[in-house]
Amino acid sequence: MGHNTGRATPTIAAALCALVLWPLAVQADDTTAPGSNPLFRDRFTADPAPLVVDDRLYLYVGHDQARGEEMFNMREWLVYSTPDMKTWTDHGPIMNVADFTWAKADAWASQAIEKDGRFWFYTSVEHDDTHPGKAIGVAVSDSPTGPFVDAKGSALVTNQMTPKGDHSWEDIDPTVFTDDDGSTWLAWGNRQCYIARLKPNMIEIDGPITEITPPHFEEGPWLHKRGDTYYLTYASLDRATHTDERISYATAPSIQGPWTYRGELTGSGKNSFTIHPGIAEFKGNWYIFLHNAALTIGDEQGALGRRAVTVEYLQYNPDGTLKPVVQTDAGVSVPAGETAH
Ligand code: FUB
């Protein structure tokens, strides 16, 4: 063996040591080990949004069926769940774009939360020609696995409600967060980032829509809180230096800000222009779900619309800032803190 070159005979201690370390090395290199990336390999998935309910973590994703030259072909959302971040149950589709009668295409990014015993699913779609452009819909279910039904019968946010933006896909990528006082907030956007409070009925905006666009904001905001600190994590694009999105974040002492930019958290997703964060604490660890385009299925290779969701540990410094995250093949198949890729 190459690593023994120069030694006449390995000692028994060295041999025992190698035997003890060998399973770890194999696990780190084994890209099929439970918890390794990408999480789901039989279809293309994007825009992961975790939700913890009791002792399971549910993961909502968009299903991309793009082929050939198509960029995206997303018509439905799927949900998976896990009790341990290693074994996943496929619960299938929870909703189709057609279930929003006023929408005509594009099952883009979403997030579900639980409130008052029901599950509320906020998502991005293309509105029909009565309100041209992207829009945000809200659906509801009594179960995290659906089925979800349109809760409002019309869009919660349309392109016309945010006149500042000069493009039609400004109103996408909702993130929803319930604060300690019980108020629930919706943030969203592309190029501009907005936040608004929701009424207790969860299907109407309550008060003003406020712009909170942090530096290099592109899309995909995600709100969460740890201790006294609020986090706004998002897909960023510094056009002066990068060609693909990365993840950046800001923090604040309250949901209403002020937000302080904290810099980049990740690099770009492999082969992918987009990247999209979803964050949750589950059974004592924090996780950040992302996507890249490293998966190949048959002839269909990773590309703009052929993405696959991944997960990494999310770790905090003592001052509450986030440790840089690297997208790895090993994912959470190895314990937190190990660096195997
Ligand atoms: O998956 C469609 C769109 O691409 C999402 O809404 C964005 O966040 C980006 O990931």
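Everything discussed here concerns the structure shown above.
A. How the structure looks around the sheet that holds strand β15 (residues 229-236). Ordered by their spatial adjacency, four strands build an open sheet running β14-β15-β16-β17, and the pairing between neighbours is antiparallel. Of all the strands in the sheet, the pair left with one neighbour each is β14 (217-226) and β17 (260-264). Taking the axes of each pair of neighbouring strands and ignoring which way they run, one obtains an average angle of 25° across the sheet.

B. Region of interest: the nonpolar core. If you look at the biggest cluster of nonpolar residues, it comprises 42 residues, and the most contacted ones within it are Tyr-60, Trp-77, Phe-121 and Leu-314. Element by element, the count of residues in this core is highest for strand β1 (residues 44-53), at four residues.

C. Representation of the site of the ligand. Lining the immediate environment of the ligand, one finds Asp-47, Phe-72, Met-74, Trp-108, Ala-109, Asp-173, Glu-219, Thr-274, His-276, His-291 and Arg-307. The separation between an oxygen atom of the ligand and a polar main-chain atom of Ala-109 is 3.3 Å. Asp-173 is positioned such that a nitrogen or oxygen atom in its side chain is 2.6 Å from an oxygen atom of the ligand. A total of 280 Å² of accessible area belongs to the ligand in isolation, and the protein chains cover 99% of it.

D. Expanded view of the sheet that holds strand β11 (residues 184-188). The sheet built from four strands is open, its strands ordered β10-β11-β12-β13 with antiparallel pairing. Looking at strand neighbours, the two that pair on one side only are β10 (175-178) and β13 (205-211), the edges of this open sheet. Strand-to-strand twist across the sheet, computed as the mean angle between neighbouring axes with direction ignored, equals 20°. Direction of pairing for β11 relative to strand β12 (residues 194-198): antiparallel, over a ladder of five bridges. Bridging from a neighbouring strand, Leu-186 pairs with Ala-196 of β12.

E. Spatial organisation of the pattern of salt bridges. Throughout the structure, instances matching the rule amount to 15 salt bridges. With its nearest N and O atoms 3.3 Å apart, the salt bridge here joins Arg-43 to Asp-42. You can call Arg-43 buried: its relative accessible area is 18%. Here Asp-42 falls in the exposed class, since its relative accessible area comes to 51%. The salt bridge partner of Asp-206 is Arg-197, with a shortest N-O separation of 3.6 Å. Given a relative accessible area of 26%, Asp-206 falls into the partly exposed group. The exposure class assigned to Arg-197 is partly exposed, which follows from its relative accessible area of 33%. One network of salt bridges, in which partners are shared, links Asp-42, Arg-43 and Asp-90.

F. Examining the environment of Ala-66 more closely. Looking at the secondary structure, you find Ala-66 in the loop between β2 (56-64) and β3 (74-82). Judged by relative accessible area, Ala-66 falls into the buried class, the value being 0%. Considered as a pair, Ala-66 and Pro-83 are 17 residues apart in the sequence and their alpha carbons are 31 Å apart. Among residues more than four places away in sequence, those in contact with Ala-66 are Met-71, Phe-72, Asn-73, Glu-300, Gly-305 and Arg-306.

G. Molecular detail of the packing of aromatic side chains. The final tally for this structure, using the stated rule, is 17 aromatic pairs. Geometrically, the ring pair formed by Trp-286 and Tyr-316 is edge-to-face, given 5.5 Å between the ring centres and 75° between the ring planes. With Trp-286 in strand β19 (residues 285-292) and Tyr-316 in the segment after β20 (308-313), this pair connects stretches of sequence that are 30 residues apart. Overall, the relative accessible area of 14% leaves Trp-286 in the buried class. Its relative accessible area of 11% is what places Tyr-316 among the buried residues. Its end group placed over the ring of Trp-108, Lys-134 keeps NZ or CZ at 4.2 Å from the ring centre. If you follow Arg-226 out to its NZ or CZ, it ends over the ring of Tyr-316, 3.9 Å from the centre.

Cut-offs used in this document
- Residues numbered from 1 in each chain as written.
- Predicted model: local features only at pLDDT ≥ 70, side-chain atom pairs only at ≥ 80, totals over all residues.
- Heavy atoms only, no water.
- Pairing = 2+ DSSP bridges.
- Helix = DSSP H or I, 4+ residues; strand = E, 2+ residues; numbered from the N terminus.
- Axes fitted to C-alpha atoms, helices over the stretch in contact; angles between N-to-C directions.
- Core = buried A, V, L, I, M, F, W, Y, C linked by side-chain atoms within 4.5 Å.
- Buried < 20%, exposed > 50% of the residue type's maximum accessible area, 1.4 Å probe, protein only.
- Near = heavy atom within 4 Å.
- Polar contact = N/O pair within 3.5 Å; in protein donor to acceptor, adjacent residues only side chain to side chain.
- Areas by Shrake-Rupley, 256 points an atom, 1.4 Å probe, with all protein chains shown as cover.
- Salt bridge = Lys/Arg side-chain N within 4 Å of Asp/Glu carboxyl O.
- Contact = heavy atoms within 4.5 Å.
- Phe/Tyr/Trp six-rings, centres within 6.5 Å; stacked < 30°, edge-to-face > 60°.
- Lys NZ or Arg CZ within 6 Å of the ring centre and 35° of its normal.

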